[in-house]
Amino acid sequence: MRISLNWLRELVEIKLSPEELAETLTMAGFEVEEIEDRRTWANGVVIGKVLERQPHPNADKLSVCQVDIGTGETLNIVCGAANVKADIYVPVATTGTYLPKIDLKIKPAKLRGVPSQGMICSLKELGLPTDVDGIHIFTQENLPLGSDVRPLLGLDDVILDLTATANRADALSMVGVAREVAALTGGKLSIPEPAEVSIPKNAGNLALKIADTQACPAYIGTVIEQVKIAPSPEWLQQRLRAAGVRPISNVVDITNYVLLEWGQPLHAFDGDRLKSVAAGENLSIGVRFVNNGESLKTLDGQTRTLTTQNLLITANEKPVALAGVMGGEETEVHAGTQSLVLEAALFDSVAIRRSSRSVGLRSEASGRYERGVNRAELEIANRRALSLISELASGIIVQQEIADTRPDPSTWSRSIALRLERVNQILGPIDLGEDTGELQKQDVERILTALGCQLTSSGEDSSHQPTWSVSVPPYRYRDLEREIDLIEEIARLYGYNKFCDTLPEKAEAGYLPLDEEVIRKLRAFLRAEGLTELIHYSLVKPGEDRNIVLSNPLFVEYSALRTDLISGLIDAFQYNLEQGNGALNGFEIGQIFWQEEDGLQETEALAGIMGGDISVGRWSKSGREEPITWFEAKGILESVFRQLSLQIEFQPDRRDDRLHPGRTASLWIRGNRLGIFGQLHPQLRREKGLPDSVYVFQLDLDVLLDSLGEDEIIVSRFQPYSTYPASDRDIAFFAPVKISVVEIEKVITKAGKDLLESVELFDEYRGENVPEGQRSLAFRLIYRASDRTLTEAEVEPVHNKVREALVEKFGVNLRS
């Protein structure tokens, strides 16, 4: 809001300079974005009188004027304005004057051979808006020549462009800002009391019909006759211009003036036009929400299609204005207006905000109604407007109707308990120079009293600190609701800069929780294996077993919580193929949800999908893409497990019908089921249009994290290695197909004990010369000691134990 200091000085005593006042307001939460010093715009411009005008001898459009500026010497000034003539009072920029708005310094000059000793100014050259094409001519008579023009033009003023926070609706008015300045500076308030106006008691043709009293708790309609529309007096126009409002006519200007002064929006209807729209002499002004199909042409000339969210002002049920937003063009005040219906009303902030937003229209009125207009000063603002209309437009009040459903005035304030101990506990110590202290009882009482609050002592609390019952003024009813609000006001007015700056104690070095540390390492390991991290919505289509379905979903397609991650990864794989991005290798970490008899369950899972060529470039393969094999996909998982120092067992599994029954394994760690890994089922691949070799896995992250030792993850430990050579042995045998390699490796490892370093399967064969139902397996066993070179005599007995254990446990037929 633009604040004129000249206007503000009439409402409150100001002893500070504009810059000091701006700083004070900014530090109190009302940021002053700009200081517009209008005094510089016409510094050195004086009042002059044109004594004589002659045409320029060498230019048709120039005039040579003799101008008296009261110095006893007549100035010769060349002027190019068409409206210059003799015997008029004009603003004259004398030699040496600088006009910042046109960036011009006046110097003695010759124009077409004729000397010019100054410049007769237009309003535009002085920074003021005007419709006049030419110099400005003062309408006043007998003006003192040579005196400063700035008081006559309103240029002896400074404008503060002030921004109020959303909770301070009261600060969107000159009276509200004046109250704030008085509280901050201790200046004396001089808020004018509007003159009493005489309201006839006789009945008239106006009636009110408020259909929704919640949306419109109060409405005052006043009929005014014998109105004379004319330009507003200069003082009123200057105040509107300073506030950034264009003057229109006396009646419209008065409604805008009261809006700026008291923060109460008003609207003036042309009475005769209202009756024309209503199609009758008896006029019923109504407030209701829109019926379907209604429209209204607003004052900005646009015809707006309305919705049921729009609140209307009606005349005999016909729309004439958007309540609290903008009036209608059909009933606007014009040059021939002779009668008025003045509206002063309170509207619900939510209703106006929705109405304004639905038609994409914001106005000065709607901005104030949205924040909340002071319900206690409706009559004051209305009386102020009526007295100005009577004074400036010669209006005669003939009828006034009021519809008021506001609660009792005794409820327009509230009492809040305030404790001094709590004030100091929240705000902390104050800086007293060389020492620190606390806010005292008198500080609190002084500040809150300056804000218009009434304090009543309510004794002392258990700590023998004073307490009060604070009565909030009606104009601060909306934003002062709790004790903490009062404490904020105390800090704001006492001065935030007067409180001690207390730095927190020195912080210790931060660290990540173990689980987060492991998950970050896990992500890094998976990325290192060539997998891209994916993120999906937790919401999916309903229909899966044990789904948790939302009771109020935004969309049916996203109305259930996912029960696993694999389905989303399969869809992502299919989508990337369809978009031409090729096969996808990716992983995801996220929450999954399901229902059980004992309630809803949730856990974090890790899943992945692999189906693309894992090599970097295909030049060595003649440009052909080679699909990933089952063992390569399994190797990616095993590589991650190896980096985490985990021993994982793979067991055949057939429980998931999305996976190939012969190429699926469940993963186990220390007897706990970790997850599943397998190739997609051929039928699912055909339905989705996926390639043959697509593999997925899903792991329970909680089981994985529980299996990791904290020391192993947080602190990397050096593993000593042997400097002595290894001794390797191969062993081959026929074994039944039903016996898994994992079981065989367990027996070998147990029999090899401390000397066996590693076991690796390097060959499998089925076919000719292999008994039915069996396969040929070949393992390489590495024996090593950390302190010596093993001899044949040491290795051979251990290797024989391995052979014997395999024969005894599985009945294998040894080949080597």
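Quick caveat, the model's predicted, so the values are computed rather than measured. (Residues numbered from 1 in each chain as written. Predicted model: local features only at pLDDT ≥ 70, side-chain atom pairs only at ≥ 80, totals over all residues. Heavy atoms only, no water.)

**Q** What is the right way to read the overall build of the protein from this model?
**A** Across its full length, the protein carries 21 helices and 42 strands. The C-alpha radius of gyration computed for the protein amounts to 44 Å, which surpasses the reference 28 Å derived for 816 residues by more than 25%, pointing to a less compact arrangement than a globule. Considered along the principal axes of its C-alpha atoms, the protein spans approximately 135 × 75 × 65 Å. For the protein, with 816 residues in total, the buried portion stands at 47%. In the protein, once contacts between residues fewer than 6 apart in sequence are set aside, the share between residues at least 24 apart is 67%. A total accessible area of about 42500 Å² is found for the protein, and carbon and sulfur atoms account for 47% of it. (Helix = DSSP H or I, 4+ residues; strand = E, 2+ residues; numbered from the N terminus. Rg over C-alpha atoms; globule rule 2.2 N^0.38 Å. Buried < 20%, exposed > 50% of the residue type's maximum accessible area, 1.4 Å probe, protein only. Contact = heavy atoms within 4.5 Å. Areas by Shrake-Rupley, 256 points an atom, 1.4 Å probe, with all protein chains shown as cover.)

**Q** Looking at this model, I keep getting lost on the nonpolar core. Mind explaining?
**A** Generally speaking, a soluble globular protein has its nonpolar side chains buried in company with each other. Residues Leu 8, Ile 313, Phe 347 and Leu 418 are the most contacted members of the largest nonpolar core, which totals 113 residues. A per-element tally of this core places helix α4 (residues 174-185) first, with eight residues. Among all residues touching Phe 347, those that are not within four sequence positions of it are Ala 215, Cys 216, Pro 217, Val 287, Leu 311, Ile 313, Ala 323, Gly 324, Ile 352 and Tyr 369. In this structure, Leu 522, Phe 525, Ile 589 and Leu 667 belong to the second largest nonpolar core, which totals 34 residues. (Core = buried A, V, L, I, M, F, W, Y, C linked by side-chain atoms within 4.5 Å.)

**Q** I tried to follow helix α7 (residues 271-278) on my own but got confused; where do I start?
**A** Think of an α-helix as 3.6 residues a turn; residues three or four steps apart then line up on the same face. Looking at α7, one finds that the buried residues are Gly 271, Leu 274, Val 277 and Ala 278. The buried residues of α7 occupy one face: seen down the axis, they fall within an arc of 120 degrees. Of the surrounding secondary structure, the elements contacted by the buried residues of α7 are β15 (266-270), β16 (283-289), β19 (311-315), β20 (318-322) and β22 (340-346). A side-chain oxygen of the first residue of α7 lies 3.0 Å from the backbone nitrogen of Asp 272; this N-cap is Asp 270. Ala 279 occupies a position one or two residues after α7 and carries a positive phi of about 60 degrees. (Arc of directions from axis to C-beta. Polar contact = N/O pair within 3.5 Å; in protein donor to acceptor, adjacent residues only side chain to side chain.)

**Q** When you look at the pairing of strand β38 (residues 695-700) in this model, what are you seeing that I'm missing?
**A** Walk down a regular strand and you will see the side chains alternate between the two sheet faces. Taking burial as the measure, the six residues of β38 include five buried ones, the bulk of the element. Direction of pairing for strand β34 (residues 599-610) relative to β38: antiparallel, over a ladder of six bridges. Bridge assignment links Leu 606 to a residue of β38, and that residue is Leu 699. Two elements, strand β37 (residues 672-680) and β38, share five bridges in a ladder whose sense is antiparallel. Across the sheet, Phe 677 pairs through a bridge with Phe 697, a residue of β38. (Pairing = 2+ DSSP bridges.)

**Q** What am I meant to see in the sheet that holds β34 here?
**A** In sheet architecture, strand pairing relies on hydrogen bonds along the backbone and comes in two forms, parallel and antiparallel. In space, the seven strands of this open sheet follow the order β29-β33-β34-β38-β37-β36-β35, with mixed pairing throughout. For this open sheet the edge positions go to β29 (532-533) and β35 (649-652), each flanked by a neighbour on one side alone.

**Q** When you look at the packing of helix α8 (residues 349-359) against helix α9 (residues 364-371) in this model, what are you seeing that I'm missing?
**A** A pair of packed helices is captured by two measures, namely the crossing angle of their axes and the spacing between those axes. It is the contact of α8 with α9, at a shortest axis distance of 7 Å, that shows an interaxial angle of 140 degrees. Between α8 and α9, the angle falls in the class oblique. Crossing geometry of α8 relative to α9 is assigned as left-handed. For the pair formed by α8 and α9, the contact residues are Ser 349, Ile 352, Arg 353 and Ser 356 on the first element and Ser 366, Tyr 369 and Glu 370 on the second. Tallied by class, the residues present in the contact of α8 with α9 amount to two nonpolar, three polar and two charged. (Axes fitted to C-alpha atoms, helices over the stretch in contact; angles between N-to-C directions. Parallel < 35°, antiparallel > 145°, perpendicular 65-115°, else oblique. Left-handed = near helix turned anticlockwise from the far one by under 90°. Nonpolar A, V, L, I, M, F, W, Y, C, P; charged D, E, K, R; others polar.)

**Q** Mind showing me how you'd approach the packing of aromatic side chains here?
**A** Aromatic ring pairs are described here by two measures, namely the spacing of the ring centres and the angle between the planes. Scanning all chains against the criterion turns up 10 aromatic pairs. Ring centres of Phe 733 and Phe 779 lie 5.8 Å apart, and the angle between their planes is 15 degrees; this geometry places the pair in the stacked category. With Phe 733 in strand β39 (residues 727-736) and Phe 779 in strand β41 (residues 774-783), this residue pair connects regions lying 46 residues apart in the sequence. For Phe 733, a relative accessible area of 0% puts it in the buried group. Connected via pairs of aromatic rings, a cluster forms that spans Trp 630, Phe 631, Phe 650, Phe 677 and Tyr 695. (Phe/Tyr/Trp six-rings, centres within 6.5 Å; stacked < 30°, edge-to-face > 60°.)

**Q** Before we go on, may I ask you to explain the pattern of salt bridges in this structure?
**A** Pairing is possible between side chains that carry opposite charge, provided their charged atoms lie close to one another. Summed over all chains, the structure comprises 50 salt bridges. Residues Arg 476 and Glu 489 are paired through a salt bridge, measuring 3.1 Å at the closest nitrogen-oxygen approach. Residue Arg 476 is found in the loop between β28 (466-471) and α13 (483-494), and its partner Glu 489 is found in helix α13; the two are separated by 13 residues along the sequence. Since its relative accessible area comes to 5%, Glu 489 is described here as buried. Note that Arg 655 is salt-bridged to Asp 653, the shortest N-O span being 3.2 Å. With relative accessibility at 6%, the residue Asp 653 sits in the buried group. A single salt-bridge network, built from bridges that share partners, covers Arg 168, Asp 170, Glu 180, Arg 476, Asp 479, Glu 489 and Arg 492. (Salt bridge = Lys/Arg side-chain N within 4 Å of Asp/Glu carboxyl O.)

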